[in-house]
Amino acid sequence: MFNFSAPPLLTDFSWLSFVHKGNVPCRPATLSMREFGASGDASDIIVKCHTCGTERRMADAFDPAAEYACAGHHPHLRLVENDCKEKAKPILLGASNSWFPIALSALSIPRATDKLGKLVEEQWAKLMNANSLAKLGFYREEQQTYQSLIPLFAEFSGEEIWVAIEEKRAGQQSALPAEDLKLPEWMAFSNPDSSKENRDFKLKRVSPPKGFEAFLEDTVLVERIREVRTLLGFTRIESNADFAEATIIQDGRMTKLCRDNPNWLPAAEVRGEGVFLRIREDVLLAWQAKDEVKQLEQEFFESHKAWRRLRKLEPVQDGAPGIRLILLHSLSHALMRQIVLDCGYTASSVRERLYSRNPGEDGGPYGWHIVVHRSAG
């Protein structure tokens with residue numbers, strides 16, 4: 001049973017209270033559930049208390065007029081909010097809307113230009129815990145886990161490797177905040193000739209598809225790419241929406257993974273390939289200036305406000321995606337469906353990554369999108 005407060009709560013259905021229709025339930029009570037018919041409909045399922053003989057059909061549980069008090073239960077946090085005043089609503093076990101993960105995704109963009117710097121970037125997961133030159137030597141010579149590093153760094157001294165590690169660590173500390181993760185990615189994709197390469201990142205500029213030269217800039221083939229996805233939390237009942245970024249969730253709907261602030265989060269890395277398409281800015285601006293597009297944007301905006309008003313999210317005008325992002329999102333999904341049909345990829349192995357900012361926004365304007373095919377790994 002859920003309530004719709006933010007963040008949403010989860011608890012077991014109140015069987016005793018339901019069967020006894022709000023009266024004082026029998027204690028102890030023995031309940032049974034019987035199903036009549038083959039349809040599986042809730043009206044064919046009867047729950048009965050064998051202590052007092054009271055029974056009730058499950059269809060009553062899903063009556064819009066039915067009201068249930070929220071128990072305030074976060075089972076995965078082992079936490080109970082005793083002061084919850086929201087009304088709860090039943091949901092079927094295994095329903096697809098009981099869990100929507102909220103993930104933060106980043107592409108691995110190399111910064112190093114020299115061989116040693118590239119090696120440190122590639123082996124950073126093994127080198128990041130080295131906090132002294134002596135410990136680095138211990139890694140290289142003694143630990144069985146790190147034997148694979150010896151042939152890779154054989155031509156470099158310990159002092160040279162340590163300097164490269166310190167430079168890498170200093171670069172991470174001065175990195176952009178999470179809200180700007182996409183800006184360096186866009187800069188790399190929009191300038192492929194000057195982008196650095198390593199074994200997980202390689203770009204190649206090619207001509208735009210024939211017949212689309214008036215709409216697209218040069219296309220960039222992403223021959224190698226590495227993506228890291230981290231689970232930040234989750235929502236229930238409603239997803240965070242296709243247009244929202246994980247870093248701008250401000251309405252409180254996200255449920256935490258643990259009670260305290262975590263010092264680590266579950267993450268996965270995948271490697272694959274992709275294509276980066278860049279729509280000409282003058283084409284985008286001309287399209288946005290059309291009267292019918294302005295009217296469509298207003299209709300989207302009114303629908304967005306109604307959506308937030310229905311869910312008691314204030315202010316209602318916040319978080320509107322904008323017509324530019326809607327265009328790119330729609331174009332991406334049309335392209336991904338065609339890639340699946342023409343290339344034989346499964347739909348789950350193709351993912352979009354949108355880059356969209358209007359003139360006047362930080363880092364804007366830009367209106368491009370990348371579709372990344374992710375192979376296993």
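You'll find the structure just up there.
Quick caveat: nothing in here was measured; it's all calculated off a predicted structure.

The rules behind each value
- Residues numbered from 1 in each chain as written.
- Predicted model: local features only at pLDDT ≥ 70, side-chain atom pairs only at ≥ 80, totals over all residues.
- Heavy atoms only, no water.
- Core = buried A, V, L, I, M, F, W, Y, C linked by side-chain atoms within 4.5 Å.
- Buried < 20%, exposed > 50% of the residue type's maximum accessible area, 1.4 Å probe, protein only.
- Helix = DSSP H or I, 4+ residues; strand = E, 2+ residues; numbered from the N terminus.
- Contact = heavy atoms within 4.5 Å.
- Pairing = 2+ DSSP bridges.
- Axes fitted to C-alpha atoms, helices over the stretch in contact; angles between N-to-C directions.
- Phe/Tyr/Trp six-rings, centres within 6.5 Å; stacked < 30°, edge-to-face > 60°.
- Lys NZ or Arg CZ within 6 Å of the ring centre and 35° of its normal.

1. Considerations on the nonpolar core
In this structure, Phe 13, Phe 18, Val 19, Met 58, Ala 61, Tyr 68 and Cys 70 are the most contacted members of the largest nonpolar core, which totals 14 residues. For this core, the elements supplying multiple residues, two or more each, are helix H1 (15-19) and strand S3 (45-49). It is S3 that contributes the most residues to this core, 3 residues altogether. Apart from residues no more than four positions distant in its own chain, Met 58 is found in contact with Trp 15, Phe 18, Ala 42, Ile 45 and Val 47. Leu 183, Trp 186, Val 222 and Tyr 355 belong to the second-largest nonpolar core, a separate cluster that totals 12 residues.

2. Some points on the sheet that holds strand S2 (residues 31-35)
In space, the 3 strands of this open sheet follow the order S2-S3-S4, with antiparallel pairing throughout. Each of the sheet's edge strands pairs with one partner strand only, and the pair in question is S2 and strand S4 (55-57). Strand-to-strand twist in this sheet, taken as the mean axis angle between neighbours without regard to direction, amounts to 20°. Pairing of S2 with S3, which is carried by 5 bridges, proceeds in the antiparallel orientation. Residue Met 33 lies in a different strand from S3, and its bridge partner there is Val 47.

3. Here's the deal with the packing of aromatic side chains
The full count for this structure, using the stated rule, is 7 aromatic pairs. Pairing Phe 189 with Phe 201 gives two aromatic rings, centres 6.1 Å apart and planes at 50°, and the pair type is tilted. In this pair, Phe 189 is assigned in helix H7 (residues 182-190) and Phe 201 in the loop between H7 and strand S10 (202-206), connecting sequence segments 12 residues apart. The exposure class of Phe 189 is buried, given its relative accessible area of 1%. Between Phe 189 and Tyr 355, the aromatic rings sit 6.3 Å apart at their centres with planes inclined by 65°, giving edge-to-face as the arrangement. You can see Phe 189 sitting in helix H7 and its partner Tyr 355 sitting in strand S13 (residues 350-357), a full 166 residues away along the chain. The class of Tyr 355 is buried, set by a relative accessible area of 0%. The aromatic ring of Tyr 355 is capped on one face by Lys 182, whose charged end is 5.8 Å from the ring centroid.

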